[in-house]
Protein chains: 2
Amino acid sequence: MNLYNLQKIISVTLCVFISYSSQAFSESLTNKIDLYEAASTSAYVPTLDTIKLITADGELNRELKNFMLKKRDSTTLKGKKIAILATDGVEELEILVPLNYLKESGAEVFVVSPKKPNFPDTFGVKMPEIRSTHIMTVRLMENSGWIKIDKFLEDVSVEDFDGLVLPGGSWNPDFLRTNTNAHTLLQAFVETNKPLASLCHGPLILVNAGLLKGRKVTGYWSIMKDLENAGATVIDQPLVTDGQLLTSRFPYDLPRLMNAFTEHLIR
Amino acid sequence: MNLYNLQKIISVTLCVFISYSSQAFSESLTNKIDLYEAASTSAYVPTLDTIKLITADGELNRELKNFMLKKRDSTTLKGKKIAILATDGVEELEILVPLNYLKESGAEVFVVSPKKPNFPDTFGVKMPEIRSTHIMTVRLMENSGWIKIDKFLEDVSVEDFDGLVLPGGSWNPDFLRTNTNAHTLLQAFVETNKPLASLCHGPLILVNAGLLKGRKVTGYWSIMKDLENAGATVIDQPLVTDGQLLTSRFPYDLPRLMNAFTEHLIR
């Protein structure tokens, strides 16, 4: 079995949420990671490779691997309702790791996305029919799959949730940041002081929602200038906490972001 | 022949620059556009569809179609050397339309890109081997092809060119905006007062190069807030001219952008 198949297995496993025991999955992955050294296949497009990311020699990489494999206490977040606000182009790990973690910790998790966008004909955009019910995930520039939408952004309000996750990927916030329903929902989260966790390019949406003035945040390195220009103090560290606003830079910061998010949810 | 094949033909024609007469191409395209109505295939990923864009009922769409089909005077830009600065994720039409237009108008055109990026292992990024010599184009979220790099960004300076084009796509400027060689080159273009044309997400690079304070510009709607926060006055119109800095919003603005760029080059 080559690495491509291995990555596919992990991804499909995460994606479809077929019933598996966390432990069996953990053992099977650990065995399979040894195969990594044998891998020689190059990606055909620039890709964020899950196996490469979680097996790289770095403290944050090891944290991510352990976090993904850890057995959860399914009572930790019992009764909590969490929105993950995302659309097409969301980075796969940035939606699947929180989704998986929060569900395994007992929360009810909803992928919240705008209805199928209705671009003017003059834009020349074609949206596949599956976009009516699903959003497209990516691994950097590789299109990786479709995740089911649980609730449409147009139909929800802050009262429906106890916390919100705002993941990244480049196109995802690019679409969401001009969506006034997204602004309204995020502003309501800040006004009602509910936990809001965002990472990578996700905080760009907060720029357009006008929520960054005087706040301490972080984000993917390429957008730090935009966050700063929007009035935020940007700190280059894995997790930045400012009240209920929690931000991170990159998928390998997810364990710290999710742990802090959990603490804020159960306070 | 279905629309997918038709789009492929146009794209391959533009891409490979096989020797064709503009007129023959024009006639063949005009005949084929009639087939558009018969198209029923949906895209499998969110796509910017060339045929849909150039046949849509809009003034700017018609301008783009006519511009793409027009026969050029190959002496207009004779002796001019133009850089198109771009990397992976550049929107296909935003690189191919300028490339084709400027070459047909007699200019020598160079695709200028950073050498194959050397991400730290901890990022988990895999770059295909072809990235050593080519960059990847997209149509919105559809990965569409690889264009040959003519000169590496690391090896050029402002003296090598009379003008520069900075196209968009979401990932392309995201990669370039943290590249200090890109900043240096763009700053030198502004200092030496040479024409600089940018569109869509391209102007984001100017944010990080610190070139927008007090300037009048435009760009893709989602980034307007970032341009404004960087100190620019943003105007929502197809072409904004401020000295030698020319900016546009979307591929259908390309004819006005390229015509203004030409005027500035031959002044």
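Residues numbered from 1 in each chain as written. Chains lettered and ligands numbered in written order. Predicted model: local features only at pLDDT ≥ 70, side-chain atom pairs only at ≥ 80, totals over all residues. Heavy atoms only, no water.

As recorded in an unreviewed UniProt entry, chain A goes by the name DJ-1/PfpI domain-containing protein, listed as coming from Moritella viscosa.

Colleague: Run through the sheet that holds strand β2 (residues 81–85) of chain B, naming residues and quoting values.
Modeller: Residues and elements named next belong to chain B. Read from one edge to the other, the open sheet built from seven strands follows the order β8-β4-β2-β9-β10-β14-β13, with strand pairing classed as mixed. Only two strands of the sheet have a single neighbouring strand rather than two, namely β8 (151–152) and β13 (240–242). Of the strand pairs in this sheet, β2 and strand β9 (residues 163–166) are connected by three bridges, and their pairing is parallel. The residue of β9 that forms the bridge with alanine 83 is leucine 164. Set on the sheet, helix α5 (residues 92–104) makes contact with β2, β4 (108–113), β9 and β10 (196–199); between it and β4 the angle comes to about 150°. (Pairing = 2+ DSSP bridges. Helix = DSSP H or I, 4+ residues; strand = E, 2+ residues; numbered from the N terminus. Contact = heavy atoms within 4.5 Å. Axes fitted to C-alpha atoms, helices over the stretch in contact; angles between N-to-C directions.)

Colleague: Pulling in residues and values, what's your account of the relation of the copies chain B and chain A?
Modeller: For these two chain copies, the linking operation is a rotation about an axis paired with a shift along it. Expressed as a screw transformation, the operator carrying chain B onto chain A has a rotation angle of 180° and an axial translation of 0.0 Å, and the superposed copies differ by an RMSD of 0.0 Å. In symmetry terms, the pair is related by a two-fold rotation axis. Most of the interface of chain B is mirrored in chain A: 100% of its interface residues are interface residues there too. (Least-squares fit on C-alpha atoms with pLDDT ≥ 70 in both.)

Colleague: Lay out the sheet that holds strand β8 (residues 151–152) of chain A with the relevant residues and their values.
Modeller: Residues and elements named next belong to chain A. If you trace the seven strands from one edge of the open sheet to the other, you get β8-β4-β2-β9-β10-β14-β13, paired in mixed fashion. Because the sheet does not close on itself, it has two edges, and the strands there are β8 and β13 (240–242). Both β13 and strand β14 (residues 245–248) contribute to a ladder of three bridges, which runs antiparallel. Residue pairing across strands places valine 240 opposite threonine 247, the latter belonging to β14. Strands β2 (81–85), β4 (108–113), β9 (163–166) and β10 (196–199) of the sheet are contacted by helix α5 (residues 92–104), whose axis makes an angle of about 150° with β4.

Colleague: So what's going on with the UniProt feature "domain: DJ-1/PfpI" (unreviewed entry) in chain A? Which residues, and what values?
Modeller: Taking the UniProt record as the reference, the feature "domain: DJ-1/PfpI" (unreviewed entry) is found at residues 80–263 of chain A. The span residues 80–263 of chain A is 28% helical and 27% strand by assignment, and the distance between its end C-alpha atoms comes to 12 Å. (UniProt positions renumbered as here; feature names shortened; annotations may be inferred.)

Colleague: Provide a residue-level description of the packing of helix α4 (residues 59–69) of chain B against helix α10 (residues 254–266) of chain B, including the pertinent values.
Modeller: Residues and elements named next belong to chain B. The interhelical angle for the contact between α4 and α10, taken along N-to-C directions, is 60°, at an axis separation of 8 Å. With respect to α10, the axis of α4 lies oblique. Taken together, the residues of α10 that come into contact with α4 (itself represented by Glu59, Leu60, Glu63, Leu64 and Phe67) are Leu254, Pro255, Arg256, Met258 and Asn259. Taken together, the residues that form the contact of α4 with α10 break down as six nonpolar, one polar and three charged. (Parallel < 35°, antiparallel > 145°, perpendicular 65-115°, else oblique. Nonpolar A, V, L, I, M, F, W, Y, C, P; charged D, E, K, R; others polar.)

Colleague: Tell me about the pattern of salt bridges, and please be specific about residues and values.
Modeller: All names here are of chain A. In the structure shown here, the tally under the stated rule is 32 salt bridges over all chains. The partner of arginine 139 in a salt bridge is glutamate 92, with the nearest N and O atoms 2.8 Å apart. Placement of the pair is arginine 139 in strand β6 (residues 134–139) and glutamate 92 in helix α5, with a sequence separation of 47 residues. Exposure remark for glutamate 92: the relative accessible area of 3% places this residue in the buried category. In this structure, the salt-bridge partner of aspartate 155 is lysine 115, at a minimum N-O distance of 4.0 Å. Taken together, the residues span a long stretch of sequence, with aspartate 155 in the loop between β8 and β9 and lysine 115 in the loop between β4 and β5 (125–126) at a distance of 40 residues. Using a relative accessible area of 39% as the deciding quantity, one classes lysine 115 as partly exposed. Via salt bridges that share partners, Glu59, Glu63 and Arg256 belong to a single interconnected network. (Salt bridge = Lys/Arg side-chain N within 4 Å of Asp/Glu carboxyl O. Buried < 20%, exposed > 50% of the residue type's maximum accessible area, 1.4 Å probe, protein only.)

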